[in-house]
Amino acid sequence: MKVNFETERLIIRPLVPDDAEAAFRWCGDPNVNTYMIYPLYHRVEDVRTWLEGRDADDPDNYDEGICLKSTGELIGSGGMRYHPERNAWEIGYNIRADQWGHGYTGEYLTALLDVIRKERPVEAIDGIFAAENSKSRRVMEKLGMVYVRDTSFDKLDGSQTFPAKYYRRNLPQPAEHCGVCERIEMTRNGLNPYFVKELETGYVVIGDHQRFEGYTLLLCKEHATELSQLAPGFRTAFLRDMAMTAEAVERAFHPNKVNYELLGAGKGRHMHWHIFPRRKGDTPKPGPVWQVQDMNDDRYLPSAEKLAELKSALRKELDLINPSIILR
Ligand SMILES: [Zn+2]
């Protein structure tokens, strides 16, 4: 996508074929190329061919030229590309070696993120970098990204494979895009009547409809769809908080069985635990709760007194459970 904007020290603009000579200074530099997937360029003409063949209007790819405001010189290129399979925008960049160490990449990508977010929802940014490339790690940390898992990548010509790290940042969404982010925002502003307790990784709330008395949810603080999109420490703590919430539901509401379900396919795709206290004969036939068609009927909205009673019973139990002994 072609965009033009300025940051404190940079001018960002679309790349054009006449940039070939300037771009060759990094495309043809073995130092810059070490951890790149594309092969090293040996001729300016090949860089020109690459620039001529790019689809600069692809709405899922922001790949721009980075120029110094002070001199107007083009010193690098890069941006973000949308990957639908992981619902994230992957960052990528090259900077001429003599311009490394000034924080230009972080300055550019932070501003680019704001530019893209004005156009469409960005639910996550991510990046993969060679494990031994500490400069890239610093760029990702500056963008607020955290380590998620180890991975690897190959050069396009298959000449090398690098052990790599996958980093990611999940971004909170505006209310119109995600119902769970909207509830979290209401909770933080003291406006959610169903709120029970804040845990390390989420918010415990009583379900809006109480067809199954004591139905409770744990809303993940991260706007993420899958457990695999969370940093390992956060993920473990989120599972612990779920176990803790379910145990409190068990103690507070005395069901025959507690059902646990991690969903997040609705508006915004933001995962949240549904915790259902189940009792003998509470559904027409034995099985999951979802067979009950009218579960969200208004007649199952709790009265103010009932809601206060449920919240107080659950909060009392949550306060009694020591998080340090769960999952140990
Ligand atoms: Zn969300």
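These figures come from a predicted structure and were not determined experimentally.

Draft legend 1. Structural view of the nonpolar core. Within the largest apolar cluster, 34 residues are counted, with the highest numbers of intra-cluster contacts made by Val205, Leu219 and Leu314. Counting residues per element, the ones that place at least two in this core are helix H6 (179-188), strand E9 (195-198), strand E10 (202-206), strand E11 (216-220), helix H7 (232-253), strand E13 (272-278) and helix H8 (304-320). Element by element, the count of residues in this core is highest for H7, at 8 residues. Apart from the residues lying within four places of it in its own chain, the contact partners of Val205 are Asn192, Tyr194, Phe195, Val196, Leu217 and Leu219. Counting 32 residues, the second largest nonpolar core, distinct from the first, contains Ile12, Ala20, Tyr62 and Tyr108.

Draft legend 2. Representation of the environment of Trp273 in the model. Looking at the element boundaries, Trp273 is found in strand E13. Separated by 35 residues in sequence, Trp273 and Phe238 place their C-alpha atoms 9.9 Å apart.

Draft legend 3. Expanded view of the packing of helix H1 (residues 20-27) against helix H3 (residues 44-53). Where H1 meets H3, the axes come as close as 9 Å, and the angle between the chain directions of the two elements is 110°. By the criterion of interaxial angle, the relationship of H1 to H3 is roughly perpendicular. Only Val44, Val47, Arg48 and Leu51 of H3 make contact with H1, whose side of the interface consists of Ala20, Glu21, Ala23, Phe24 and Cys27. Here the contact of H1 with H3 is composed, by residue class, of 7 nonpolar, no polar and 2 charged.

Draft legend 4. Quick look at the pairing of strand E2 (residues 10-13). Residue alternation in E2 divides its side chains into a buried set, Leu10 and Ile12, and an unburied set, Ile11 and Arg13. Here strand E1 (residues 5-6) folds back onto E2 in antiparallel fashion, the turn holding 3 residues. Here E2 pairs with strand E3 (residues 61-68) via 4 bridges, running antiparallel. In the strand pairing of E3, Arg13 is matched with Gly65.

Draft legend 5. Molecular detail of the environment of Asn170. Structurally, Asn170 is set in strand E8 (residues 161-170). According to the C-beta neighbour criterion, Asn170 is buried, with 26 such atoms within 10 Å. Each C-alpha atom, one on Asn170 and one on Asn33, is 29 Å from the other, the two residues being 137 residues apart in sequence. Not counting the four nearest positions on each side in its chain, Asn170 is found in contact with Glu123, Ala124, Glu222, His223, Ala224 and Gln229.

Draft legend 6. Region of the structure containing the domain arrangement of the protein. For the protein, the assigned domains read domain 1 (5-129) and domain 2 (179-325). One C-alpha centre belongs to domain 1, the other to domain 2, and the line joining them spans 43 Å.

Draft legend 7. How the structure looks around H6. All of the buried residues in H6 are Val180, Cys181, Arg183 and Ile184. Seen end-on, H6 carries its buried residues on one side only, within an arc spanning 160°. Looking at the buried positions of H6, the neighbouring elements they touch are E10, E11 and E13. Just downstream of H6, Gly190 is the residue with a positive phi angle, here 70°.

Draft legend 8. Spatial organisation of the pairing of strand E6 (residues 124-130). Among the 7 residues of E6, 5 are classified as buried, and the element is accordingly described as predominantly covered. Here strand E5 (residues 88-95) runs beside E6; their pairing, made up of 2 bridges, is parallel. Across the sheet, residue Trp89 finds its bridge partner in E6, namely Ile125. Handedness of the β-α-β unit built from E5, helix H4 (residues 104-119) and E6 comes out right-handed.

Draft legend 9. Focus on H4. The end-to-end C-alpha distance of H4, which contains 16 residues, comes to 23 Å, matching closely the 22 Å that a straight helix rising 1.5 Å per residue would cover. Residues of H4 that are buried include every one of Tyr104, Thr105, Tyr108, Leu109 and Leu112, and no others. Down the axis of H4, the smallest arc covering the buried residues is 105°, so these residues share one side. Opposite the buried face of H4, by more than 90 degrees, sit the exposed residues Asp114 and Lys118. Looking at the buried residues of H4, the elements they touch are E2, E3, strand E4 (74-83), E5 and helix H5 (134-142).

Calculation notes
- Along each chain, residue indices are assigned from 1 in the same order as the chain's sequence is written.
- Since the coordinates come from a predicted model, pLDDT governs what is reported: local features require at least 70, and pairs of side-chain atoms require 80 or more to be given and counted, while whole-chain, interface and lining totals use all residues.
- Any set of buried Ala, Val, Leu, Ile, Met, Phe, Trp, Tyr and Cys residues joined through C-beta atoms within 7 Å is what this text calls a nonpolar core.
- With C-beta atoms placed from the backbone, a residue is labelled by how many other C-beta atoms lie within 10 Å of its own: buried for 20 or more, exposed for 12 or fewer, partly exposed between the two.
- Under the scheme used here, helices are H or I runs from DSSP no shorter than 4 residues and strands are E runs no shorter than 2 residues, and both carry numbers assigned from the N terminus.
- Contact criterion: two residues are in contact if their C-beta atoms, reconstructed from the backbone, are within 7 Å.
- Fitted lines through C-alpha atoms give the axes, limited to the stretch in contact for helices. The angle between two N-to-C directions lies from 0 to 180 degrees.
- For this classification, under 35 degrees means roughly parallel, over 145 means roughly antiparallel, 65 to 115 means roughly perpendicular, and everything else is oblique.
- Lys, Arg, Asp and Glu make up the charged group, whereas Ala, Val, Leu, Ile, Met, Phe, Trp, Tyr, Cys and Pro make up the nonpolar group; the residues left over, Gly among them, are polar.
- Should DSSP find at least two bridges between two strands, the strands are regarded as paired.
- Per the annotation, domain bounds derive from an automatic or database assignment of domains.
- Arc definition: directions from the helix axis to the C-beta atoms.
- The path from the first strand over the helix to the second decides the hand: if it runs clockwise while the strands point away from the viewer, the crossover is right-handed.
- A helix's residues, less one, multiplied by 1.5 Å, set its expected span.

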